[in-house]
Amino acid sequence: MRFDIITIFPEMFTGVFSGGIIKKAQEKGLLQVVVHNLRDYTADKHRQVDDRPFGGGEGMVFKPEPIFAAVDSIRRTAQAPVYLLSPQGRKFDHRLARDMARRRQVILICGRYEGVDERVSQALATEEVSIGDYILTGGEPAAVVILDAVSRFVPGVVGKTDSVERDSFSRGLLDFPHYTRPRDFRGMKVPQPLFSGDHRRIAAWRRKKALEKTWFKRPDLLQAVELSPEEETLLDEVRREQKERKNS
Ligand SMILES: C[S@@+](CC[C@H](N)C(=O)[O-])C[C@H]1O[C@@H](n2cnc3c(N)ncnc32)[C@H](O)[C@@H]1O
């Protein structure tokens, strides 16, 4: 899978992809990250990428010509999606990350200043994508977040695929709690079922804890997930225990 990132600050990506899983994925040839300087696609001697807004007002706006020229030059097939990073876009989530990971090439456009000339959104971008309801100074941090999350779905990038499948949101539930040594830390003990050696008991405990966490932290998720009869029973238990705790 290949990511092309269009930015006026290519140096911002130097450190961030040169360590950890993303670096290994690139070395293994599973992932290719190509960062393009938007100024390389300008046609004037000042390499101007922005201009003042029509209608007046503060700040600068990215001009459409260099962005269209960059995409025309980078895009390998007409099917490759072009995402304009924008706080006004579709909220990036687990599902969109998984969909993006099925593509061979994904192009991300990082805006700056007041944003990007509207014609990029109208006639070039497949979709605008936001990483949350807040304003970043530029699209670069959003590109890093998206690339990191998407790359986890590219086969082979994360060592144990089953950990991707188990992670929070995969099944619509949050992940179960994890513990490691020591067994007793400042009086906080690791739950007993994890030492039972009984795999079925451990699996049942984890299923219940995943339901409990989801119920407490993100009850909205439970509305969209289809639970098995066993999980329904476990969830009833979680609710009953919560009631008992409240009453005691
Ligand atoms: C300061 S913002 C421009 C905000 C714009 N004036 C608005 O209110 O919609 C500059 C650039 O940062 C990026 N950006 C800011 N917040 C973002 C977010 N939540 N998700 C994705 N990109 C974002 C976009 O590329 C945007 O063009």
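Throughout this document, residue positions are counted from 1 along each chain, in the order its sequence is written. Whole-chain, interface and lining totals are the exception, using all residues; otherwise, since this is a predicted model, local features are given only for residues with pLDDT of at least 70 and side-chain atom pairs are given and counted only at 80 or more. Working from all heavy atoms in the structure, the side-chain values ignore hydrogens and water.

## Points about the overall build of the chain
Reasoning step 1: Scanning the chain from N- to C-terminus turns up nine helices and nine strands.
Reasoning step 2: Throughout, the radius of gyration refers to the C-alpha atoms, and the reference size of a globule is 2.2 Å times the residue count to the power 0.38. For the chain, whose C-alpha radius of gyration is 23 Å, the value lies well above the compact-globule estimate of 18 Å for 248 residues.
Reasoning step 3: Each of the three principal axes of the chain carries a C-alpha extent, and together these read 70 × 45 × 40 Å.
Reasoning step 4: In this scheme, a residue with accessible area under 20% of its type's maximum is buried, one over 50% is exposed, and one in between is partly exposed, where area comes from a 1.4 Å probe on protein chains only. The 248 residues of the chain split such that 40% are buried. What counts as a helix is a DSSP run of H or I of at least four residues, what counts as a strand is a run of E of at least two, and both are numbered from the N terminus.

## Considering the domain arrangement of the chain
Reasoning step 1: The domain architecture assigned to the chain consists of domain 1 (2-151) and domain 2 (184-247).
Reasoning step 2: Residue ranges for the domains trace back to a domain assignment, done automatically or taken from a database. Its C-alpha centre places domain 1 at a distance of 40 Å from the equivalent point of domain 2.

## A short note on the packing of helix α7 (residues 199-217) against helix α9 (residues 229-247)
Reasoning step 1: Axis definition: a line fitted to C-alpha atoms, over the contacting stretch in the case of helices. Angles run 0 to 180 degrees between N-to-C directions. As a packed pair, α7 and α9 sit with axes 9 Å apart at the nearest point and diverge in direction by 60°. Overall, the two elements α7 and α9 adopt an arrangement that is oblique. Both α7 and α9 take part in a crossing whose hand is right-handed. Contacts between α7 and α9 involve Ala204, Arg207, Lys208, Leu211, Glu212, Trp215 and Phe216 on the former and, on the latter, Glu230, Glu231, Leu234, Leu235, Glu237, Val238, Arg239, Glu241, Gln242 and Arg245.
Reasoning step 2: For this scheme, ten residues count as nonpolar: Ala, Val, Leu, Ile, Met, Phe, Trp, Tyr, Cys and Pro. Four count as charged, namely Asp, Glu, Lys and Arg, and the remainder, Gly too, count as polar. Residue composition of the contact of α7 with α9, grouped by class: seven nonpolar, one polar and nine charged. Oblique is the label for any angle not under 35 degrees, not over 145, and not in the 65 to 115 range, which are roughly parallel, roughly antiparallel and roughly perpendicular in turn. By the definition used in this description, the sense in which the near helix is turned from the far one sets the handedness, with an anticlockwise turn below a right angle giving left-handed and a clockwise turn giving right-handed. Throughout, a residue-residue contact means that at least one pair of heavy atoms, one from each residue, lies within 4.5 Å.

## Quick notes on α7
Reasoning step 1: Helix length check: α7, at 19 residues, gives a terminal C-alpha distance of 26 Å against a target of 27 Å (1.5 Å per residue), a fit within 8%.
Reasoning step 2: All of the buried residues in α7 are Ile202, Trp205, Lys208, Ala210, Leu211, Glu212 and Thr214.
Reasoning step 3: Elements in contact with the buried residues of α7: α8 (219-222) and α9.
Reasoning step 4: Residues adjacent in sequence count toward polar contacts only when both atoms are side-chain atoms; beyond that, a polar contact is any pair of N or O atoms within 3.5 Å, and within protein one must be able to donate a hydrogen and the other to accept it. Between the side-chain oxygen of the N-cap and the backbone nitrogen of Arg200 there are 3.1 Å, and the N-cap of α7 in question is Asp198. Given the number of residues in a helix, its expected span is that number minus one, multiplied by 1.5 Å.

## Some words on the environment of Val238
Reasoning step 1: As for its placement among the helices and strands, Val238 is situated in helix α9.
Reasoning step 2: The spacing of Val238 and Tyr113 is 125 residues in sequence and 49 Å in space, taken between C-alpha atoms.
Reasoning step 3: With near-sequence residues (within four places) excluded, Val238 lies in contact with Lys208, Glu212 and Trp215.

## With respect to unusual backbone geometry
Reasoning step 1: Here the amide bond leading from Arg181 into Pro182 is cis, since omega sits at 0°, within 30 degrees of zero.
Reasoning step 2: Phi is positive for Tyr113, which is not a glycine, with a value near 55°.
Reasoning step 3: Topologically, Tyr113 is positioned in the loop between β6 (105-109) and α4 (118-123).
Reasoning step 4: Positive phi is not limited to glycine here, since Phe169 has a value of about 80°.
Reasoning step 5: You can see Phe169 is positioned in the loop between α6 (161-166) and β8 (184-185).

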